[in-house]
Amino acid sequence: MKKLLTLLLIIPFLSCETNTEKMAGEWYLGVWKGKKFQLADDKYVDLAKKFMDAYENMNPSTMVEMTTDTVKFHPADVAGVFDVDMTNTDFIVARQTPMDSINRNYTFLLPIKLEGTNTTIIETHFREDRYLKTGETESVLLFERLLFNQDDKISRVVQWMRPVD
């Protein structure tokens, strides 16, 4: 009887279709033009969170371990795209020098992948409160896109920022 009851409980789960390969949306520019998106593995959420927590905790060595030697960086606070040397912690330390501490409150982390590529993208939104060494506090809302290569290393960071109302 227990076996029959167990079988009756398992059958509905086995008959459910889950399609994690569903493609949707479209990329419109450059070499990825026409590619569709799909949800990516949640392991990238964990990797992105580890990377972003390292920034919040002012732990640049962990960030260096998680990136390619050169990262394309599109900062929210400066126009342009920069090739950042990530073989050392100098860049991160310089960006964090005015800060005493950082607090981030995340809204979401979404892992997506473009069809036919080895690139996984994490899109995230968060509020960042920066406690400066001067005693002042800055608060901003950030939308950030982290791109992971086929070796699960971050190769590009793209940011957009707006003030907190």
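Our structure's up above, just so we're on the same page.
Just so we're clear, the structure is a prediction, and the values are computed from it rather than from any experiment.

> Explanation requested: the overall build of the chain in the structure shown.
Along the chain, the regular secondary structure elements total 4 helices and 7 strands. N-terminal to C-terminal, the α/β element order of the chain is α-β-α-α-β-β-α-β-β-β-β. Accessible surface, the chain: about 10,400 Å² in total, of which carbon and sulfur atoms supply 56%.

> Looking at this model, I keep getting lost on the environment of Tyr55. Mind explaining?
The residue Tyr55 is located in helix α2 (residues 43-56) in this model. Relative accessible area serves as the criterion here: at 13%, Tyr55 is assigned to the buried category. For Tyr55 and Ile92, which are 37 residues apart along the polypeptide, the C-alpha to C-alpha distance reads 8.2 Å. Dropping the residues within four chain positions of it, Tyr55 is found in contact with Met63, Ile92, Arg95, Gln96, Met99, Ile102, Arg104 and Glu128.

> What is the right way to look at a nonpolar patch on the surface in this model?
Judged by side-chain polarity, Leu39, Phe108 and Leu110 come together as a nonpolar surface patch covering roughly 260 Å² of accessible area. By the element assignment, Leu39 lies in strand β1 (residues 37-39).

> I would appreciate a short explanation of the pairing of strand β2 (residues 67-74) in the present structure.
It is a general feature of regular strands that their side chains alternate between the two faces of the sheet. Both β2 and strand β7 (residues 154-163) contribute to a ladder of 4 bridges, which runs parallel. Across the sheet, residue His74 finds its bridge partner in β7, namely Val158. Summarising the sheet, β2 and strand β3 (residues 82-85) pair through 4 bridges and their orientation is antiparallel. Paired with Phe73 across the two strands is Phe82, which belongs to β3.

> So what exactly am I meant to see when it comes to the nonpolar core here?
If you look at soluble globular proteins, the nonpolar side chains tend to sit buried side by side. The biggest cluster of nonpolar side chains holds 26 residues, and the ones touching the most others in it are Phe51, Ile122, Leu146, Phe148 and Val157. Taken together, the elements giving at least two residues each to this core come down to α2, α3 (60-65), β2, β4 (99-114), β5 (120-132), β6 (137-148) and β7. In this structure, Trp32, Phe37, Leu114 and Leu147 belong to the second largest nonpolar core, which totals 6 residues.

> Can you help me understand the side chain of Thr124 in this one?
Among the structural elements, Thr124 can be located in strand β5. At 2.7 Å, the side chain of Thr124 forms a polar contact with the backbone oxygen of Phe108. In contact with Thr124, other than residues within four places in its own chain, are Met52, Tyr106, Phe108, Leu109, Leu142, Phe143 and Glu144.

> Could you clarify how one ought to interpret the sheet that holds β2 in this entry?
Each strand in a sheet pairs with its neighbour through backbone hydrogen bonds, running either in the same direction (parallel) or in the opposite one (antiparallel). Strand order in the open sheet formed by 7 strands is β1-β4-β5-β6-β7-β2-β3, and the pairing between neighbours is mixed. Two strands in the sheet have a free side with no partner beyond their single neighbour: β1 and β3. The sheet shows a mean angle of 30 degrees between the axes of neighbouring strands, direction not considered. The pairing of β6 with β7 spans 9 bridges and is classified as antiparallel. Bridge pairing links Phe148 to Ile154 in β7. Sitting on the sheet, α2 touches β2, β4, β5, β6 and β7, and the angle it makes with β4 is about 165 degrees.

How each quantity is defined
Residues numbered from 1 in each chain as written. Predicted model: local features only at pLDDT ≥ 70, side-chain atom pairs only at ≥ 80, totals over all residues. Heavy atoms only, no water. Helix = DSSP H or I, 4+ residues; strand = E, 2+ residues; numbered from the N terminus. Areas by Shrake-Rupley, 256 points an atom, 1.4 Å probe, with all protein chains shown as cover. Buried < 20%, exposed > 50% of the residue type's maximum accessible area, 1.4 Å probe, protein only. Contact = heavy atoms within 4.5 Å. Patch = residues over 30% accessible without salt bridge, like charges linked within 9 Å, V, L, I, M, F, W, Y side chains within 5 Å. Salt bridge = Lys/Arg side-chain N within 4 Å of Asp/Glu carboxyl O. Pairing = 2+ DSSP bridges. Core = buried A, V, L, I, M, F, W, Y, C linked by side-chain atoms within 4.5 Å. Polar contact = N/O pair within 3.5 Å; in protein donor to acceptor, adjacent residues only side chain to side chain. Axes fitted to C-alpha atoms, helices over the stretch in contact; angles between N-to-C directions.

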